[in-house]
Amino acid sequence: MTVLTIQPQGITFAATPGMSLLDAIKAAGVALITQCNGKGQCGACHLFVQEGRKSLSKIQRAENEKLDTIVGVGSKSRLACQAVLGEEPVTVELLGFKSGF
Ligand code: FES
C-alpha cells in the first residue's frame, strides 16, 4: 500500500504500488477531465508532486516532451497518467482538477 495525499482537497488514499497517479487519483474520488484518456498526449493531468518524487517512476522521453509544451511547468511537474506509484508515500498538488464531491 502506498499513501497518496491529494491537495488542495486534503484527501488521503491507500493506493496500490504500480497504479498510475491518474488511476489512483480517480480511485480516490477526484473527477478528472482529460482528453487523451491517460495516453500522455493532452497534458490535462499535469500536477505538482510535493513529496515522494523518488517513489514515482522516472520521467520518460515522451512525458518530458509533453511537459515542455505546457505553460507553468516546474521542477515538481509530472503527468499523472505517466507517473507510476512506488512504495513510498506521495503528496500531489492538483492544478485545474474538478472535485468529484
Ligand atoms: S491524461 Fe492526457 S496527458 Fe495525462
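Since the structure is predicted, the reported quantities are computational estimates derived from the model, not experimental observations.

Scanning the protein from N- to C-terminus turns up 2 helices and 5 strands. Taken from N to C terminus, the helices and strands of the protein fall in the order β-β-α-β-α-β-β. The C-alpha extent of the protein, read off along each of the three principal axes, is 30 × 30 × 20 Å. The proportion of buried residues among the 101 residues of the protein is 26%. When contacts within the protein are restricted to residue pairs at least 6 apart in sequence, those whose partners lie at least 24 apart make up 70%.

A few words on the pairing of strand β1 (residues 2-7). Judged by which residues are buried, β1 turns out to be one-sided: Thr2, Leu4 and Ile6 face inward and are buried, whereas Val3, Thr5 and Gln7, on the alternate face, are not. Taken together, the 5 bridges between β1 and strand β2 (residues 11-15) define a ladder with antiparallel strand orientation. By the bridge assignment for β2, Thr5 is matched with Thr12.

Counting 19 residues, the largest nonpolar core has Leu21, Ala80, Leu85 and Val92 as the members making the most contacts within it. Looking at this core, the elements that each hand over two or more residues are β1, α1 (21-27), β3 (46-51) and β5 (90-94). A total of 4 residues in this core trace back to one element, the largest contributor, which is α1. With near-sequence residues (within four places) excluded, Leu21 lies in contact with Arg78, Ala80, Ala83, Leu85 and Val92.

Below, the discussion takes up the sheet that holds β5. Taken in spatial order, the 5 strands make up an open sheet running β2-β1-β5-β3-β4, and their pairing is mixed. Each end of this open sheet is capped by a strand with a single partner; those strands are β2 and β4 (77-79). Across this sheet, the average inter-strand angle for adjacent strands is 35°, counted without regard to direction. Note: β3 against β4, 3 bridges, orientation antiparallel. Paired with His46 across the bridge in β4 is Leu79.

Omega for the peptide link from Gln7 to Pro8 comes to 5°, which places this bond in the cis form. Here Pro8 shows up in the loop between β1 and β2. In this structure, Asn37 takes a positive phi of about 55° despite not being glycine. Position of Asn37 among the secondary structure elements: in the loop between α1 and β3.

Structurally, the position occupied by Lys54 is in the loop between β3 and α2 (61-67). Residue Lys54 is classed as exposed on the basis of its 10 C-beta neighbours within 10 Å. In this structure, the C-alpha to C-alpha distance between Lys54 and Pro89, residues 35 residues apart in sequence, is 9.8 Å.

Basis of the calculations
Residues numbered from 1 in each chain as written. Predicted model: local features only at pLDDT ≥ 70, side-chain atom pairs only at ≥ 80, totals over all residues. Helix = DSSP H or I, 4+ residues; strand = E, 2+ residues; numbered from the N terminus. Buried ≥ 20, exposed ≤ 12 C-beta atoms within 10 Å, placed from the backbone. Contact = placed C-beta atoms within 7 Å. Pairing = 2+ DSSP bridges. Core = buried A, V, L, I, M, F, W, Y, C linked by C-beta atoms within 7 Å. Axes fitted to C-alpha atoms, helices over the stretch in contact; angles between N-to-C directions.

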